[in-house]
Structures are given as structure tokens and as C-alpha cells.
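# Working through the structure, step by step
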2 protein chains.
Amino acid sequence: MNIEKNIENLKYDAHGLVPAIVQDDATGTVLMLAYMNRESLAKTLETGVTWFYSRSRKRLWQKGETSGHVQKVKDIYYDCDADALLIKVEQTGVACHEGTFSCFSRRLAGEKSAAAQHSDPSGILLDLYQVI
Amino acid sequence: MNIEKNIENLKYDAHGLVPAIVQDDATGTVLMLAYMNRESLAKTLETGVTWFYSRSRKRLWQKGETSGHVQKVKDIYYDCDADALLIKVEQTGVACHEGTFSCFSRRLAGEKSAAAQHSDPSGILLDLYQVI
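Residues numbered from 1 in each chain as written. Chains lettered and ligands numbered in written order. Predicted model: local features only at pLDDT ≥ 70, side-chain atom pairs only at ≥ 80, totals over all residues. Heavy atoms only, no water.

### Digging into the overall build of chain A
Note the cut-off: In this text, helices come from DSSP runs of H or I with a minimum length of four residues, and strands from runs of E with a minimum of two, each type numbered from the N-terminal end. Categorising residues by exposure relies on relative accessible area from a 1.4 Å probe, with only protein chains included: less than 20% of the type maximum marks a residue as buried, more than 50% marks it as exposed, and the intermediate range marks it as partly exposed. What sets the accessible areas is the Shrake-Rupley method with a 1.4 Å probe; for residues, cover comes only from the shown protein chains.
Tallying secondary structure elements over chain A gives three helices and seven strands in all. With 132 residues in all, chain A has 55% of them scored as buried. When the accessible surface of chain A is summed, it comes to about 6100 Å², and 49% of that surface belongs to carbon and sulfur atoms.

### As for the relation of the copies chain A and chain B
The operation relating the pair of chain copies consists of a rotation about an axis and a translation along that axis. Counted only if it meets this: Copy-to-copy superposition: least squares on the C-alpha atoms, limited to residues that have pLDDT of at least 70 in both copies. Residue contacts are defined here by distance: any two heavy atoms, one from each residue, within 4.5 Å place the two residues in contact.
Note on the copies: chain A fits chain B at an RMSD of 0.0 Å, the axial shift is 0.0 Å, and the rotation between them is 180 degrees. Expressed as an axis order, the relation between the two copies is that of a two-fold axis. Within chain A, G28 of chain A has its C-alpha nearest the rotation axis, a separation of 2.7 Å. Looking at the interface residues of chain A, 100% of them are also at the interface in chain B, so both copies use one shared face.

### A closer look at the sheet that holds strand β1 (residues 18–24) of chain B
Each strand in a sheet pairs with another by means of backbone hydrogen bonds, the pair being arranged parallel or else antiparallel. Just so we agree on the cut-off: Whether two strands pair comes down to DSSP finding at least two bridges between them. Lines fitted to the C-alpha atoms define the axes, with helices restricted to the stretch that makes contact. Angles between their N-to-C directions range from 0 to 180 degrees.
The mixed open sheet is built from five strands, whose spatial order is β7(A)-β5(B)-β6(B)-β1(B)-β2(B). Every interior strand has two partners, whereas the edge strands, β7 (106–110) of chain A together with β2 (30–36) of chain B, have only one. Averaged over all pairs of adjacent strands, the angle between their axes in this sheet comes to 25 degrees, without regard to strand direction. With four bridges joining them, β7 of chain A and strand β5 (residues 71–78) of chain B adopt antiparallel strand pairing. By the bridge assignment, A109 of chain A is partnered in β5 of chain B with I76 of chain B.

### Some points on the side chain of Q62 of chain B
Within the secondary structure, Q62 of chain B sits in strand β4 (residues 59–62). The buried category is assigned to Q62 of chain B, whose relative accessible area is 16%.

### Considering the pattern of salt bridges
Note the following rule: Salt bridge, as applied in this entry: a Lys or Arg side-chain nitrogen positioned within 4 Å of an Asp or Glu carboxyl oxygen.
The tally for this structure, following the rule as stated, stands at twelve salt bridges over all chains. We note a salt bridge from R107 of chain B to D75 of chain A, for which the minimum N-O separation is 2.1 Å. On the criterion of chain membership, the pair formed by R107 of chain B in strand β7 (residues 106–110) and D75 of chain A in strand β5 (residues 71–78) is interchain, its members lying in two chains. Both residues of the pair, R107 of chain B and D75 of chain A, count as buried. Two residues, E90 of chain B and K74 of chain B, come together in a salt bridge whose shortest N-O distance is 3.8 Å. Here E90 of chain B is found in strand β6 (residues 85–91), whereas its partner K74 of chain B is found in strand β5, with 16 residues between them in sequence.

### Topic: helix α2 (residues 38–47) of chain A
Along an α-helix, residues three or four apart share an orientation, since each turn contains 3.6 residues. When we look at burial in α2 of chain A, the residues that qualify are S40, L41, A42, T44 and L45 of chain A. Looking one or two residues beyond α2 of chain A, the residue adopting positive phi is G48 of chain A, at roughly 80 degrees.

### Remarks on the interface of chain A and chain B
Using the following cut-off: When two parts are brought into contact, each loses some accessible area as probed by a 1.4 Å sphere; the total of that loss over both is the buried area. Here a polar contact means two N or O atoms within 3.5 Å. Within protein one must be a hydrogen donor candidate and the other an acceptor candidate, and residues neighboring in sequence count only if both atoms are side-chain atoms.
Tallying the contact residues gives 54 residues for chain A and 54 residues for chain B. For the pair chain A and chain B, the two sides together bury roughly 5000 Å², of which 64% comes from carbon and sulfur. For the pair chain A and chain B, the number of links is four salt bridges. The interface formed by chain A and chain B holds 14 residue pairs in polar contact (both at pLDDT 80 or more) in total. Taken together, the elements giving at least two residues each to the side of chain A that touches chain B come down to α1 (3–9), β1 (18–24), β2 (30–36), α2, β5, β6 (85–91), β7 and α3 (125–131) of chain A.

### A few points about the packing of aromatic side chains
Working definition: an aromatic ring pair is given by the centre-to-centre distance plus the angle between the planes. All names here are of chain A. Quick reminder of the rule: Note on ring pairs: Phe, Tyr and Trp rings are taken, using the six-membered ring of Trp, and paired if centres are within 6.5 Å. Classes follow the plane angle, with under 30 degrees stacked, over 60 edge-to-face and the rest tilted. By definition, being over a ring means that NZ of Lys or CZ of Arg is both within 6 Å of the ring centre and within 35 degrees of the ring normal.
In total, this model carries two aromatic pairs over all chains according to the counting rule given. Measuring from centroid to centroid gives 5.3 Å for F52 and W61, while their planes differ by 40 degrees, and the two rings are tilted. Taking relative accessible area as the criterion, F52 reaches 0% and is therefore assigned buried. Here K43 stacks its cationic end above the ring of W51, 4.7 Å away from the centre of that ring.

### Thoughts on the state of the cysteines
As a reminder of what qualifies: Two cysteine sulfurs form what is called a disulfide whenever their separation falls within 2.5 Å.
Across all of its chains, the model carries zero disulfides over all chains by this definition. Among the cysteines around C80 of chain A, which has no disulfide bond, C96 of chain B carries the closest sulfur, lying 3.6 Å off. Residue classification places C80 of chain A among the buried residues on the basis of a relative accessible area of 16%.

### Focus on the confidence of the model for chain A
Residue and element names in this part refer to chain A. Put simply, the rule is: A residue's pLDDT is the confidence the predictor assigns to it, expressed on a 0 to 100 scale.
Taken as a whole, chain A shows an average pLDDT of 88; of its residues, 83% reach a score of 70 or greater. Low confidence marks residues 113–123, where pLDDT is under 50. Its contacts with residues over four positions away, or in another chain, come to 24 contacts. With pTM at 0.86, the complex prediction returns an ipTM value of 0.86.

Here it is, written out as C-alpha cells:
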């Protein structure tokens, strides 16, 4: 395994970015999806905490740089197409700026009742959608 | 919760796509990252199994349509920016066309020794990278 070579061999999009799924290593909770370029990936590897590229602010940012909610990197995987990353982290505090542990706290549809903010108490919305 | 409204309110990119993280509901394993447009998301909700949009083939595809490795949808979440989906599924067989349960079987760097194909037996590559 050659880390430098793997970074170069990733398939970045037209903007030089690759999507990075961030997962809490201890619980398996998917925390967020953000984007990395070569520079932010290198900085992540150098510092051991996550750095991303903000598409809106057009600059690198360290997760938790203002909130203190940094993510310590435990493992980094890439997928079979080499165009997506999975970063397993130890999350300090919460991942979402809205105060929830995961940024994925809103349910679009599902079978189960959820602890999420917009929960489906009946737990049958997906079934219902398939009927209507 | 209004599913139709939520589908419309998602922030699709310039190509009308939104990235979808697929996670095994039972184990928490992140299986793959793929892309959905409104049509594939609607088809996913209608059928209860995952449909994506292939950027290379420029058409909808049902996961497992040839392999039989379909993904039964258990829950769908979207994130705080409404520009990414998290789909929890019951995976039939394996998710990856290479035969591994997850498409994320290759390690770029990490602390732990892994069961992944390209493992780091010494388990110190990330530390090593930070030193060099």
C-alpha cells in the first residue's frame, strides 16, 4: 500500500473533488458527507483530523475549527471505483452544526419509528407511498 | 412529513443528481455511494428497492438487476443541507460487483489492522505518514 500513490490514483471530479462519507468508528453512525481535494486529503493525513474543501466558501476547512467538534481519523477507505472515500472517525461532541450527532437527522421515508427530529410515528410511510 | 415535497426540496446538483450513501441496516456497514435523480428516487420509493442514476451509462439502474443482489429499503434520511441521502437497506448477498460485502474494501490509511483486501498489517501507516 502506497498512500501517496493512492491519493494520486483517486478519481477526482471536474472540480478536483471526491465525496467523503464520514462515519463514527465506535457506533457506525454515518455522520456527514463532505468533499475533499488532494490538498485537504493530504492535510487530513498529516494532522490526523478531518479537513475538507468547502464548495460554497471555496476554501479548505477543518471540521470543528470553530466549534471544537473535531474528528480524529481512525481509518480511511476508498471504493472499488476509487471515486469516493469512507473516513472512520472518533467524533468529538456532535458532527452537525444543528446540534445533532449526525447531519442525517431528517427522514424522507422509512419503515421504522425514529429518534430523528422529523420522525414517522406510524412507521409505515414507505409502505403507504408504495400503495398510493 | 410530506415525501413528495421532500423529494422536490432536495438540492440536486447541476446534473440533477444527489449523492446517496447506502448503509446496511443490520450491521451499520457503509456499502456504497451512488447517485440518484428525482426519477430514481421516486422509483426507489415506489418499488422499495434501490434505483440509481448511472453517470457513465446515463440511465437508471436497479441495484442487483443482473446479479440479484438487490437492496431492500428500510429507511431514507437526508442531511441538514438537503444535498445528500442516507439509505438504510437490507442487502441481499454482497453490494460490490467485486464480490465484497462493501464497495469500500480498500484502505488508504488507518490505525487498525483490517480484514480488507489491502490491509495494513503493521497498523501504523497513518502515524507513519504523519511522521514523514
